[in-house]
Amino acid sequence: MLETSPRGPARAAVICGVGGQLPRLKVGNDELAERLDTDDAWIRTRTGIRSRHFAAPDEATSDLAVAAGRRALANSGSAAVGAVIVATTTPDRTCPSTAPLVAARLGLTGVAAFDVSAVCSGFVYALAAGTGLITSGVTDRVLVVGADVYSRIVDPGDRQNAVVFGDGAGAVVLRAGHATEPGALGPFDLGSDGAHEDMVIVQAGGSRLPFDPARTSHAERHFSMRGKEVYRHAVSRMAGSAQAVLEQAGISVGEIDLFVPHQANLRILRTVATDLGLSFERCATHVQEAGNTGAASIPLALARSHVDSALTVGDRVLLTGFGGGLTWGSCLLTWPSLPPAVEPSRPEEGVAS
């Protein structure tokens, strides 16, 4: 266990490894336009997205999570952790949770493992949970994964949503450390508003409306989203949550070196950055190439920024997310010194294709 004196720096969770994984199949806008009533210009104008990756028929959320987790563990220099947390809206199964399977496939049988379901805010929520496990002394190392396979729940014929979402996974390893060292996480801001649960929803499949081919419609069995309302709430909640974290930390937006928002679409990212007073050049984006990957989007953006050497030790990084629920969350971190990372889009050996 990490020892701290009563007058020493506070115990904190520190990022010590990152990794990402995208499926092999990359689908450009023109390919979708062939079966949808749309074209490349329409998609780019409204979302900024040029392509996205789709999982193979035999590739599940756990497969992507294992690959991203393995890369993050390798980047951290150790394969050992005391807990695995998987943030996902698309678990392999309704029961059991996906995290124990991910842990077992990584050789971590026996560790604590659980899922977090907060839709596209899930990774920030999972970071907060992992931070809590470390600061409370439950464990000294946690693997946090954000992974989603939205191609399983989005209707491929849905013109509004099929062009937006992609599949992927990203992960970070947290270790016990001090609040004053590079890599330390915090403060956090988390929130929700369940009065708007139907704004982003899959109606059927739970205890409220069990899946039944005879009673549930095609639309009820797929993801739906009221885009204009989501846009308004996403911008307001992400900007407000990010500002709340800055106020807790006692720093100004001008002191932020990189802003890493949930990669919903390029229009939302630009608007949130503008509302915060941040130049878009300080905003990490990969939505153009990967689409909206749900809980995977923030860790994939971190992995991409690390690969591209967009971050240096000590840089202040601001994360913020918004998702169904409604849920939202933000946190701050200072960037640590990490070994080089593997390109997120390079296929991992053994991953289904």
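Residues numbered from 1 in each chain as written. Predicted model: local features only at pLDDT ≥ 70, side-chain atom pairs only at ≥ 80, totals over all residues. Heavy atoms only, no water.

S.K.: What is the right way to look at the overall build of the protein chain in this model?
M.R.: Broken down by element type, the protein chain carries 10 helices and 13 strands. Taken over C-alpha atoms, the radius of gyration comes to 19 Å for the protein chain, in line with the 20 Å a tight globule of 353 residues would show. Working note: accessible area of the protein chain is about 14400 Å², and carbon and sulfur atoms make up 50% of it. Taking the 30 positively charged and 36 negatively charged side chains of the protein chain as two groups, their mean positions are separated by 1 Å. (Helix = DSSP H or I, 4+ residues; strand = E, 2+ residues; numbered from the N terminus. Rg over C-alpha atoms; globule rule 2.2 N^0.38 Å. Areas by Shrake-Rupley, 256 points an atom, 1.4 Å probe, with all protein chains shown as cover. Lys, Arg positive; Asp, Glu negative; His and termini not counted. Charge placed at Lys NZ, Arg CZ, Asp CG, Glu CD.)

S.K.: What exactly am I supposed to notice about the side chain of Asn 75 here?
M.R.: Mapping Asn 75 onto the fold places it in helix H3 (residues 61-76). There is a polar contact of 2.9 Å between the side chain of Asn 75 and the backbone oxygen of Pro 339. Among the polar contacts made by the side chain of Asn 75, one reaches the main-chain carbonyl oxygen of Pro 340 at a distance of 3.3 Å. Discounting chain neighbours no more than four positions away, the residues touching Asn 75 are Cys 16, Gly 17, Val 18, His 306, Leu 338, Pro 339, Pro 340 and Ala 341. (Polar contact = N/O pair within 3.5 Å; in protein donor to acceptor, adjacent residues only side chain to side chain. Contact = heavy atoms within 4.5 Å.)

S.K.: Explain unusual backbone geometry here, please?
M.R.: Between Cys 95 and Pro 96 the backbone carries a cis peptide bond, its omega angle lying at 5°. The topology assignment puts Pro 96 in the loop between strand S4 (83-87) and helix H4 (99-105). Across the junction of Gly 325 and Leu 326, the peptide omega takes the value -10°, indicating a cis bond. Structurally, Leu 326 can be placed in the loop between strand S12 (316-323) and strand S13 (327-334). For Val 119, which is not glycine, the phi torsion reads 55° and is therefore positive. Its location among the elements puts Val 119 in the loop between strand S5 (112-116) and helix H5 (122-135). By relative accessible area, Val 119 is classed as buried at 16%. Despite not being glycine, Ser 309 has its phi angle at roughly 55°, a positive value. Considering the arrangement of structural elements, one finds Ser 309 in the loop between helix H10 (297-307) and S12. Note on Ser 309: relative accessible area 59%, which makes it exposed. (Buried < 20%, exposed > 50% of the residue type's maximum accessible area, 1.4 Å probe, protein only.)

S.K.: What is the right way to read the packing of helix H7 (residues 227-249) against helix H8 (residues 266-276) from this model?
M.R.: Relative placement of two packed helices is described by the angle separating their axes and the distance separating the axes. Packing of H7 against H8 leaves a shortest axis separation of 9 Å and a crossing angle of 40°. Here H7 lies oblique to H8, going by the angle between them. The two elements H7 and H8 meet at a crossing, and its hand is right-handed. Side by side, H7 and H8 meet where Tyr 231, Ala 234, Val 235, Met 238, Ala 239, Ala 242 and Gln 243 of the first sit next to Arg 267, Ile 268, Thr 271, Val 272, Asp 275 and Leu 276 of the second. Residues belonging to the contact of H7 with H8 are distributed by class as follows: 9 nonpolar, 2 polar and 2 charged. (Axes fitted to C-alpha atoms, helices over the stretch in contact; angles between N-to-C directions. Parallel < 35°, antiparallel > 145°, perpendicular 65-115°, else oblique. Left-handed = near helix turned anticlockwise from the far one by under 90°. Nonpolar A, V, L, I, M, F, W, Y, C, P; charged D, E, K, R; others polar.)

S.K.: Mind showing me how you'd approach the nonpolar core here?
M.R.: Across soluble globular proteins, nonpolar side chains have a tendency to be buried as a group. Tyr 150, Phe 259, Val 272, Leu 276 and Leu 318 are the most contacted members of the largest nonpolar core, which has 46 residues in total. Looking at this core, the elements with two or more residues in it are helix H2 (40-47), H7, H8, S12 and S13. It is H7 that provides the largest number of residues to this core, a total of 8 residues. Aside from chain neighbours lying at most four places away, what touches Tyr 150 is Thr 89, Thr 90, Val 119, Cys 120, Phe 165, Gly 166, Asp 167, Phe 223 and Gly 294. Grouped together as the second largest cluster of nonpolar side chains are 35 residues, Ala 87, Ala 126, Trp 335 and Leu 338 included. (Core = buried A, V, L, I, M, F, W, Y, C linked by side-chain atoms within 4.5 Å.)

S.K.: Please clarify how the layout of surface pockets should be interpreted in this entry.
M.R.: Where empty space is left in the structure can be found by rolling a water-sized probe over the atoms. Taken as a whole, the largest pocket encloses approximately 1200 Å³ of empty space. The wall of the largest pocket is formed by 38 residues, among which Thr 89, Pro 91, Ser 117, Val 202 and Ala 204 lie closest to the centre. Contributing elements (two or more residues each) for the lining of the largest pocket: S5 and strand S9 (200-202). Looking at which element gives the most residues to the lining of the largest pocket, the answer is S9, with 3 residues. (1 Å grid on protein atoms, 1.4 Å probe; cavity = no way out; pocket = protein on both sides within 12 Å on 5 of 7 lines; lining within 4 Å. Points joined across faces, edges and corners; volume = space filled by probe spheres on them.)

S.K.: Would you mind going over the confidence of the model for the protein chain with me for this structure?
M.R.: Parts of the prediction with low pLDDT should not have their coordinates interpreted in detail. When the pLDDT values of the protein chain are averaged, the result is 93; 95% of them are 70 or greater. Taken together, the stretch residues 1-6 has pLDDT below 50 and engages in 11 contacts with residues farther than four places along the chain or on a different chain. (pLDDT = per-residue confidence, 0-100.)

S.K.: Teacher, can you tell me more about the sheet that holds S13 here?
M.R.: Whenever strands of a sheet pair, they do so through backbone hydrogen bonds, lying parallel or antiparallel. Strand order in this open sheet of 4 strands is S8-S13-S12-S11, and the pairing throughout is mixed. Looking at the sheet topology across the chains shown, the edges are occupied by strand S8 (185-192) and strand S11 (258-261). Each strand of the sheet is rotated relative to its neighbour by a mean of 10°, with strand direction disregarded. As paired strands, S12 and S13 are joined by 8 bridges and run antiparallel to one another. Paired with Leu 319 across the bridge in S13 is Cys 331. (Pairing = 2+ DSSP bridges.)

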